[in-house]
Amino acid sequence: MADALSEISLTRRTVLQVSGGAAALAVLPEVVGSAYAQAPTEGARDAVEVSFTVNGTATDLRVDPRLSVLDMLRERLSLTGTKKGCNQGACGACTVLIDGKRVNACLALAVMYDGATITTIEGVADGETLHPLQAAFIEHDAFQCGYCTSGQIMSGLGCIREGHASSAEEISYWMSGNICRCGAYPGIVAAVAQAAKEDRT
Amino acid sequence: MRPFEFQRATSESEAIAAAAAGARYLAGGTTLVDLMREEVETPEKVVDINRLPLNYIRATDEAIVIGALARMSEVAANQDVRRLQPLIPETLTEGASPQLRNVASIGGNLLQRVRCPYFRMLDAACNKRVPGSGCSAIGGLNAGHAILGTSEHCAATHPSDLAVSLVALDATLLLKGPRGERAIPVTDLFRLPEATPHLEHTLEPGELIAEIRIPNGPYARKARYLKVRDRSSYEFALVSAAAALHIEDGLVKEARIAAGGVGTRPWRMNAVEAALLGKPASRISYEAAAAVSTEGTRPLSGNGYKVKLLPATIVRALEMAGEVA
Ligand SMILES: Cc1cc2nc3c(=O)[nH]c(=O)nc-3n(C[C@H](O)[C@H](O)[C@H](O)COP(=O)(O)OP(=O)(O)OC[C@H]3O[C@@H](n4cnc5c(N)ncnc54)[C@H](O)[C@@H]3O)c2cc1C
Ligand code: SF4
Ligand code: FES
Ligand code: FES
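If you're wondering where the values come from, they're calculated on a predicted model, not measured in any experiment. In every chain, residue numbers begin from 1 and rise along the written sequence. As a convention, the first chain written is A and the first ligand written is 1, with the rest following in written order. Residue-level local features of this predicted model are given only where pLDDT is at least 70; pairs of side-chain atoms are given and counted only at 80 or more, and the full residue set underlies all totals for whole chains, interfaces and linings. For the side-chain quantities, the full set of heavy atoms in the structure was used; hydrogens and water were omitted.

**Q** Is there a simple way to explain the sheet that holds strand β9 (residues 223–228) of chain B in this structure?
**A** Strands pair in a sheet through their backbones, by hydrogen bonds, and they do so in one of two ways: parallel or antiparallel. Residue and element names in this part refer to chain B. Here, a strand pair is defined by DSSP locating no fewer than two bridges between the strands. Each helix is a run of DSSP H or I of at least 4 residues and each strand a run of E of at least 2, with the numbering of both proceeding from the N terminus. Pairing is antiparallel across the open sheet formed by four strands, whose spatial order is β9-β10-β11-β12. A single partner strand is all that each edge strand has here, and the edge strands are β9 and β12 (267–268). Relative to strand β11 (residues 251–260), strand β10 (residues 239–248) is paired through nine bridges, and the arrangement is antiparallel. Across the sheet, residue A242 finds its bridge partner in β11, namely A258. Running at roughly 150° to β11, helix α8 (residues 161–168) makes contact with β9, β10, β11 and β12 of the sheet. The contact definition used throughout considers only heavy atoms, calling two residues in contact when any of these lie within 4.5 Å. Fitted lines through C-alpha atoms give the axes, limited to the stretch in contact for helices. The angle between two N-to-C directions lies from 0 to 180 degrees.

**Q** It is not clear to me how the site of ligand 2 should be interpreted in this structure. Could you clarify?
**A** Residue and element names in this part refer to chain B. Near is defined per residue: the residue qualifies when any heavy atom it owns lies within 4 Å of the molecule or strand. Near ligand 2 there are 14 residues, and of these C116, C126, C135, C154 and A155 occur at the shortest range. Placement of ligand 2 is best described as lying within the largest cavity. Residues of the shell around ligand 2, tallied by class, amount to nine nonpolar, four polar and one charged. Think of a 1 Å grid over just the protein atoms. A cavity is a set of points where a 1.4 Å probe fits yet cannot get out, a pocket is an open set with protein on both sides within 12 Å along at least five of seven lines, and lining residues have an atom within 4 Å of a point. Being in a pocket or cavity means that more than half of the molecule's atoms lie within 2 Å of its grid points. Throughout this entry, Asp, Glu, Lys and Arg are counted as charged residues, while Ala, Val, Leu, Ile, Met, Phe, Trp, Tyr, Cys and Pro are counted as nonpolar. The remaining residues, Gly among them, count as polar.

**Q** Explain the interface of chain A and chain B here, please?
**A** By a widely used convention, the size of an interface equals the accessible area lost when the partners come together. Counting residues at the interface gives 40 residues for chain A, matched by 39 residues for chain B. The term buried area denotes the loss of accessible surface (1.4 Å probe radius) that occurs when two parts are joined, taken as the sum for both partners. Buried area between chain A and chain B, both sides added, is near 3300 Å², and the carbon and sulfur share of it is 51%. Across the pair K101 of chain A and E74 of chain B runs a salt bridge whose closest N-O atoms are separated by 3.3 Å. Polar contact is defined as a pair of N or O atoms within 3.5 Å, subject to the rule that within protein one atom must be able to donate a hydrogen and the other to accept it, and that residues adjacent in sequence are counted only when both atoms are side-chain atoms. The interface formed by chain A and chain B holds 17 residue pairs in polar contact (both at pLDDT 80 or more) in total. Those elements giving two or more residues to the side of chain A that touches chain B turn out to be α2 (22–27), β4 (101–104) and α7 (168–174) of chain A. With four residues, the top contributor of residues to the side of chain A that touches chain B is β4 of chain A. Taken together, the residues that form the side of chain A that touches chain B break down as 17 nonpolar, 16 polar and seven charged. Any Lys or Arg side-chain nitrogen located within 4 Å of an Asp or Glu carboxyl oxygen qualifies as a salt bridge.

**Q** Looking at this model, I keep getting lost on the environment of T91 of chain B. Mind explaining?
**A** All names here are of chain B. Relative to the helices and strands, T91 is located in helix α5 (residues 87–93). Taking C-alpha positions, T91 is 8.1 Å from R224, a pair spaced 133 residues apart along the chain. Sequence-distant contacts of T91, defined by excluding residues within four places in its chain, comprise D161, L162, S165 and Y225. Only 2.7 Å separates the side chain of T91 from the side chain of S165, close enough to count as a polar contact.

**Q** Hey, could you run me through helix α5 (residues 132–139) of chain A in this one?
**A** Counting along an α-helix, one turn takes 3.6 residues, and residues three or four places apart therefore face a common direction. Residues and elements named next belong to chain A. Residue burial is assigned from relative accessible area. The probe radius is 1.4 Å, only protein chains are included, and a residue is buried under 20% of its type maximum, exposed over 50%, and partly exposed in between. Of the residues making up α5, those classed as buried are L133, Q134, A136 and F137. All buried residues of α5 project into a common sector of 160° when viewed along the axis, lining one side. Exposed residues pointing more than 90 degrees away from the buried face of α5 are listed as I138 and E139. In this fold, the buried residues of α5 make contact with α6 (149–161) and α8 (185–200). Looking one or two residues past α5, D141 carries a phi angle of roughly 50°, positive in sign. This arc corresponds to the set of directions leading from the helix axis out to the C-beta atoms.

**Q** Looking at this structure, I do not really get the site of ligand 1. What am I missing?
**A** In the vicinity of ligand 1 there are 34 residues, among which R24, Y25, T30, T31 and S105 of chain B approach most closely. Residues lining ligand 1 come from chains A and B. Within the contact set of ligand 1, an oxygen atom lies 2.8 Å away from a backbone nitrogen or oxygen of G29 of chain B. K227 of chain B is positioned with one of its side-chain polar atoms (N or O) 2.9 Å from an oxygen atom of ligand 1. Protein burial of ligand 1: of its 980 Å² of free accessible surface, 96% is covered by the chains. Every element with two or more residues in the shell around ligand 1 is listed here: β2 (24–26), α7 (106–110) and β8 (208–215) of chain B. A class-by-class count of the residues in the shell around ligand 1 yields 16 nonpolar, 12 polar and six charged. Computed with a 1.4 Å probe, the accessible areas rest on the Shrake-Rupley method; for each residue, only the protein chains presented here act as cover.

**Q** Could you clarify how one ought to interpret the pairing of strand β7 (residues 180–185) of chain B in this entry?
**A** The two faces of the sheet receive side chains in turn, since in a regular strand these alternate between them. As paired elements, strand β6 (residues 172–177) of chain B and β7 of chain B share six bridges and run antiparallel to each other. Within the sheet, the bridge partner assigned to L174 of chain B lies in β7 of chain B and is A183 of chain B.

Listed below in structure tokens is the structure:
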């Protein structure tokens, strides 16, 4: 059984490589991406020393220059709350705060941000007490599958901090860097609006 | 992503020397990292310029001067820019997403690469990616492609919104290279594809965009950017127009107009500007002048709609500019 399974996945990988990706890429970005690109540890050239403060904890690492902040968080620091959707800056699932600003972790090379302070979804709650924006997401049913949610919350924090959360229209526009395939937008907008209001009071 | 050597530049001269020796500049990385991951770009060496002191915005009576490393979001939020050059914040905010704008630099924005889907498909013919391999778009899917400035070798539009407004406003670039400094109009940065679509800009090897200078013309405050697209944000333009008007006694004294989404480079609409001079600032004059914008357009199989959308977009942008108090 296990053998049969691995054979199937091998075959699929081979097919994808042969078919060369164009159409397949659109359908299966992650599978093709991982089949194509060498893992960032292979052929590493000149690993670079970097240090970060992630969710309040200082961390020193040696990284391949190809490593994204997203892969660093997920694969080196086991912070898998930050999600990988498109890996191309087009969906917002990977949004984190770097030095207080919301950015797409997938397009950020770790080496570019040496010395930075990073906040991920794991660093938002205060112990067991949810952040008001997290609580508002639950209250407003602002998700279905939840895949986009950590990116939405991190982006929402940025949106509120930037002062772009005064109306539903403004929130929709300034949250447009976060796609929700489940279409939970009304709840997301309502949650950000509520947290923004609480932030002001 | 292919392995590459990473260098962090601590001075302009160090960065320029590295780039002159073949390294690629890395600013926000929102174009370069993306294309390196797809292996559309495969630089051997990358030089990170983010620590250079090129992140500034200076306002004088004559001009706004923006360092190449100022981020799109910072420029859009700057009070001097908003007051003296409202077109720039409007244009910037209509592009990309808040997350991308927090990272994307002004210099990198001008040098972002085309969004033609075939450019990213390693198994599709594309003269821009592999010179001489052919163009998949001209006989393929080309609804998003250009109707002005195309050649039989490439028809991809220049994707930057900012470039459109900078071309309209007669902005100039300060360049620093191995052979010293020079200033060029932003318009002159971009090449037509002609027979060499892989050559996109006129920078010499190693040349760094240091800053952008935007003159505060009398038209600068009556200026608007209209971007028509498939969804209302986080999307590239189908057609866009930057329009700036200097109106006196109800007549157009000066007009600056450029269009995006239609040309292989940002397209200044000189003939439309000329047709507006001295005319009443009204829809009738705007329509008459905008009709000239389609001269010389060459639609492909899928983008004929742009020939209609272009003048309509210019008319609406002129109306918006005329309405600015
Ligand atoms: C999903 C998505 C949507 C987008 N939507 C839009 C949009 O609607 N409108 C729009 O205009 N843009 C859009 N963009 C593009 C975005 O604005 C650009 O990627 C960004 O501005 C590039 O800036 P950067 O600093 O990240 O450049 P980088 O990726 O660091 O560099 C880009 C190029 O410029 C070169 N370079 C950078 N700085 C300099 C310099 N100072 N001197 C010389 N060379 C330099 C680099 O070597 C590289 O070739 C979008 C991007 C993404 C990923
Ligand atoms: S239009 Fe230009 S970028 Fe697109 S396939 Fe043709 S040559 Fe390549
Ligand atoms: S995973 Fe980063 S934007 Fe989609
Ligand atoms: S909740 Fe499923 S993608 Fe947003």
